[in-house]
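# Descriptive analysis of the structure
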Amino acid sequence: VYRCVPDKQRSFALGVQSVFLRLLGTIPGPILFGVAIDNSCTLWGINECKTKGACWVYDNERMAYLLMGISAACKIITIIFVVMAVCLYKPP
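Along every chain, residues carry numbers that run from 1 in the direction the sequence is written. Restriction of local features to residues with pLDDT of at least 70 applies here, the model being predicted, together with a cutoff of 80 or more for giving and counting side-chain atom pairs; totals for whole chains, interfaces and linings are based on all residues. Hydrogens and waters are ignored; side-chain quantities use all the structure's heavy atoms.

Operational definition: UniProt positions are given in the numbering used here, feature names are shortened, and annotations may be inferred rather than shown by experiment.
The protein chain appears in an unreviewed UniProt entry as Solute carrier organic anion transporter family member 4C1 from Aptenodytes forsteri. Under the Subcellular location (unreviewed entry) heading, UniProt states for the protein chain: "Membrane".

This is how it looks when you write it as structure tokens:
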């Protein structure tokens, strides 16, 4: 970030970078992994109000595939963006 922006805009660039890291790095991850864990449930507990409660039994193999798939997809996306950054970066 320091090399890509003028001296007067460095603090602003770091702030923008921090916002993007927070939005793209900390919010979607737990949501995706929570959905994967919920999708691997095979037996949900139902309370007296007929609403879905906690999961009682998980399909461990399905959970492993879902979690590994999410992790691999994120790693592939990261590699693509790093390669694009290396190819498209032009030093000043």
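## Things to note about the overall build of the protein chain
Selection criterion: Strands here are runs of E lasting at least two residues and helices are runs of H or I lasting at least four, both read from the DSSP assignment and numbered beginning at the N terminus. Only C-alpha atoms enter the radius of gyration, while the globule expectation follows 2.2 Å times N to the 0.38, with N the number of residues. Partly exposed residues are those whose accessible area sits between 20% and 50% of the maximum for their type, while under 20% is buried and over 50% is exposed, using a 1.4 Å probe and protein chains only. The contact rule is simple, with two residues in contact once any of their heavy atoms fall within 4.5 Å. Accessible areas in this description were obtained via Shrake-Rupley with a 1.4 Å probe; residue shielding takes into account the shown protein chains only. Note on charges: Lys and Arg go in the positive column, Asp and Glu in the negative column, and His and the chain ends are not counted at all. Every charge is mapped onto a representative atom, which is NZ of Lys, CZ of Arg, CG of Asp or CD of Glu.
The secondary structure content of the protein chain amounts to three helices and two strands. Starting at the N terminus, the α and β elements of the protein chain follow one another as α-α-β-β-α. In terms of overall dimensions, the protein chain is more spread out than a globule: its C-alpha atoms have a radius of gyration of 21 Å, far above the 12 Å expected for 92 residues. The dimensions of the protein chain, computed from C-alpha atoms along their principal axes, are 65 × 25 × 10 Å. Looking at the protein chain as a whole, 9% of its 92 residues are labelled buried. Long-range pairs, those at least 24 residues apart, make up 27% of the contacts in the protein chain with a sequence separation of at least 6. Carbon and sulfur atoms make up 69% of the accessible area of the protein chain, which amounts to about 7,800 Å² in all. Here the protein chain holds 9 positive side-chain charges and 5 negative ones, and the gap between their average locations is 17 Å.

## Some remarks on the pattern of salt bridges
Pairing is possible between side chains of opposite charge, provided their charged atoms come close. The cut-off we apply is this: When a carboxyl oxygen of Asp or Glu lies within 4 Å of a side-chain nitrogen of Lys or Arg, that pair is called a salt bridge.
For the structure on display, the rule yields one salt bridge. A salt bridge links R10 to D7; the nearest nitrogen and oxygen atoms lie 3.0 Å apart. What makes R10 partly exposed here is its relative accessible area of 31%. Take D7: its relative accessible area is 59%, and that puts it in the exposed class.

## Quick word on the layout of surface pockets
Taking a probe equal in size to a water molecule and rolling it over the atoms shows the remaining empty space. Spelled out, the test is: The rule is simple: put a 1 Å grid over the protein atoms alone, call a set of points where a 1.4 Å probe fits but cannot get out a cavity, call an open set with protein on both sides within 12 Å along at least five of seven lines a pocket, and count a residue as lining if it has an atom within 4 Å of a point. Grid points are joined across faces, edges and corners, and a volume is the space filled by probe spheres set on the points. Gly falls in the polar group here, along with every residue not listed as nonpolar (Ala, Val, Leu, Ile, Met, Phe, Trp, Tyr, Cys, Pro) or charged (Asp, Glu, Lys, Arg).
Each pocket or cavity is described by its volume, and for the second largest pocket that value is around 230 Å³. Taken together, L24, G25, P28, G29, L32, F33, I70, S71, C74, I77, T78 and F81 form the lining of the second largest pocket. Taken together, the elements giving at least two residues each to the lining of the second largest pocket come down to α1 (10-25), α2 (28-39) and α3 (60-88). Of the residues assigned to the lining of the second largest pocket, the class counts are eight nonpolar, four polar and no charged.

## A look at the pairing of strand β1 (residues 41-46)
Where a strand is regular, its side chains alternate between the two sheet faces. Selection criterion: Should DSSP find at least two bridges between two strands, the strands are regarded as paired.
Examined bridge by bridge, β1 and strand β2 (residues 52-58) share four bridges and lie antiparallel to one another. Its bridge partner lying in β2, C41 is registered against Y58. Here β1 folds back onto β2, and the loop between the two strands holds five residues, one of which, K50, carries a positive phi near 65 degrees.

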